[in-house]
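A look at the structure
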Amino acid sequence: MVEFSGDLHYAKSHEWVRIEDDGSVTVGISDHAQEALGDVVFVELPELQMVIAAGDEAGVVESVKAASDIYAPISGTVIAVNELLDDAPETVNTSPYIDGWFFKLQPDNLGDVQNLMDVNAYETFCENEEH
Amino acid sequence: MERLEVPGKALYSAMLNETGGVLDDLIVYLDGDGYRIVVNCATREKDLAWMSQQTSGFDCQLHERPELAILAIQGPNALAKVSAVVSPERADLIAKLKPFIGAWSGEWFIARTGYTGEKGVEIILPGTDAQNLWQALVASGVRPVGLGARDTLRLEAGMNLYGSDMDESVTPLESNMAVTVSFEGDREFLGRARLEAQLGEGVERELVGLVLLERGVLRAHYPIFSGDQQVGEITSGAFSPTLEHGIGLARITVGADNLTVEIRNKRLPVQRVKLPFVRNGKQVYQLV
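Thresholds applied
- Residues numbered from 1 in each chain as written.
- Chains lettered and ligands numbered in written order.
- Predicted model: local features only at pLDDT ≥ 70, side-chain atom pairs only at ≥ 80, totals over all residues.
- Helix = DSSP H or I, 4+ residues; strand = E, 2+ residues; numbered from the N terminus.
- Rg over C-alpha atoms; globule rule 2.2 N^0.38 Å.
- Buried ≥ 20, exposed ≤ 12 C-beta atoms within 10 Å, placed from the backbone.
- Contact = placed C-beta atoms within 7 Å.
- Axes fitted to C-alpha atoms, helices over the stretch in contact; angles between N-to-C directions.
- Parallel < 35°, antiparallel > 145°, perpendicular 65-115°, else oblique.
- Left-handed = near helix turned anticlockwise from the far one by under 90°.
- Nonpolar A, V, L, I, M, F, W, Y, C, P; charged D, E, K, R; others polar.
- Pairing = 2+ DSSP bridges.
- pLDDT = per-residue confidence, 0-100.

Side note on the overall build of chain A
- The secondary structure content of chain A amounts to four helices and nine strands.
- The N-to-C order of helical and strand elements in chain A reads β-β-β-α-β-β-β-β-β-α-α-β-α.
- Relative to the globule expectation of 14 Å for 131 residues, the C-alpha radius of gyration of chain A, 14 Å, shows essentially globular dimensions.
- Expressed as a percentage of its 131 residues, the buried residues of chain A come to 37%.
- A sequence separation of at least 24 residues applies to 62% of the contacts in chain A between residues at least 6 apart.

Here it is in structure tokens:
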């Protein structure tokens, strides 16, 4: 059963965004995405301080099956990356919403998160993608 | 084919067209007064059409056996597990089989062959018997695996996959299959002239094993460079579950060294190694 996390916002490219208390956002990929990818073996994370625009490539997930780009869901500056994924890339599969986060952004404009899908819209989006 | 002196002995071979291109790879057994040939399923139509065409005019009958199935049971416990669910006579037959040898028991043909680099058997049997055998094996704890697992196993074992590692555009000499070709005597096998010409000119490309020890996965068609010169490309690649790094086969210019692979515009060093990468679940390749 693919899990959809209720408190997150989702991009069409299957990244999720969580708004943190300090106004930064955390970014990862959804359960739907990690299941489609299969076993993750390497993750390439963006550089700290990198300035990225929404839709820019922000990293790569390399699974047994294929390599997939990760896109910035909103514009901002990279303020943290999840170094756990260097040694334990499989965390993306086992905990996509919590321990398997990819990077944190200082958003240019927190309001941009409203351009993303809420959990219901994303769930519908995933169902339609499959047909 | 003269290497098939003993009935039941399996010979891995290439089927060539007139220009020495590989039509398929296959296993052939001496079988009574004929031969049993096991080809790839994906090339079935092409192979049958070719063989019909080539045998026409000769005193030779070709019989396809669509009612038969083949089950491969592989791994350290394979022989024990199969022996436990078949008749005592067949269990005894399995115990006596040497690697690459097969034997008949009623309508079943059981051989110590495989596409995984592990111990095991491949059993050719009537389709109806295959269902019962499958269910008995699963009930005894043997796990069915899919093509993803098959691909990492055969690649770890350094075995070619037709369509990826070779096709009609290359000869066996360029596909790590030179040992399957014998030029002894004056047998007029199809493709002989072209292969001899290629040997005379000097074979220009070879299929080699590569390992990627950096973070990354080798995938088909990634270019291989020696310095700034592209010398070939990956034909098959995977993340080896046993070795936990990338492995692959690549067709490159003979003798090319100081190799790098280009992955998403970055060049990473790769090491050429002698195949196989893995045998019986353990690394066997060595870095020079």
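On we go from here.
Examining the overall build of chain B
- A tally of regular secondary structure across chain B gives six helices and 16 strands.
- Along the first, second and third principal axes, the C-alpha set of chain B runs to 60 × 50 × 30 Å.
- Within chain B, counting contacts between residues at least 6 apart in sequence, those at least 24 apart form 60% of the total.

Details of the packing of helix H2 (residues 78-85) of chain B against helix H3 (residues 88-96) of chain B
Residue and element names in this part refer to chain B.
- Direction vectors running N to C along H2 and H3 enclose 160°, while the axes themselves pass 7 Å from each other. Judged by the inter-axis angle, H2 sits roughly antiparallel to H3. The handedness of the crossing between H2 and H3 comes out as right-handed. Here Leu79, Val82 and Ser83 of H2 lie close against H3, whose contacting residues are Ala91, Ile94 and Ala95.
- Looking at the contact of H2 with H3 residue by residue, the class counts come to five nonpolar, one polar and no charged.

Brief notes about unusual backbone geometry
- Residue Leu275(B) is joined to Pro276(B) through a cis peptide bond whose omega torsion reads 5°.
- If you trace the backbone, Pro276(B) turns up in the loop between strand S14 (271-273) and strand S15 (278-279).
- In this structure, Gln49(A) is a non-glycine residue whose phi angle is positive, near 75°.
- By the element assignment, Gln49(A) lies in the loop between strand S4 (40-44) and strand S5 (51-52).
- Of note, the phi angle at Glu244(B) is positive, near 60°, even though the residue is not glycine.

Considering the sheet that holds strand S6 (residues 57-63) of chain A
All names here are of chain A.
- Spatially, the three strands line up as an open sheet ordered S4-S6-S7, and their pairing is antiparallel. Taken across any chain shown, the strands that pair with only one partner, and hence form the sheet edges, are S4 and strand S7 (67-71). Sheet twist, expressed as the average angle between the axes of neighbouring strands with direction ignored, equals 25°.
- In the sheet, S6 pairs with S7 via five bridges, with the strands oriented antiparallel. From the neighbouring strand, Val60 faces S7, where its bridge partner is Asp69.

Some remarks on the confidence of the model for chain B
- Residues of chain B with pLDDT of at least 70 account for 99%, and the chain-wide mean is 95.
- Scoring the predicted complex yields pTM 0.89 and, for the interface, ipTM 0.80.

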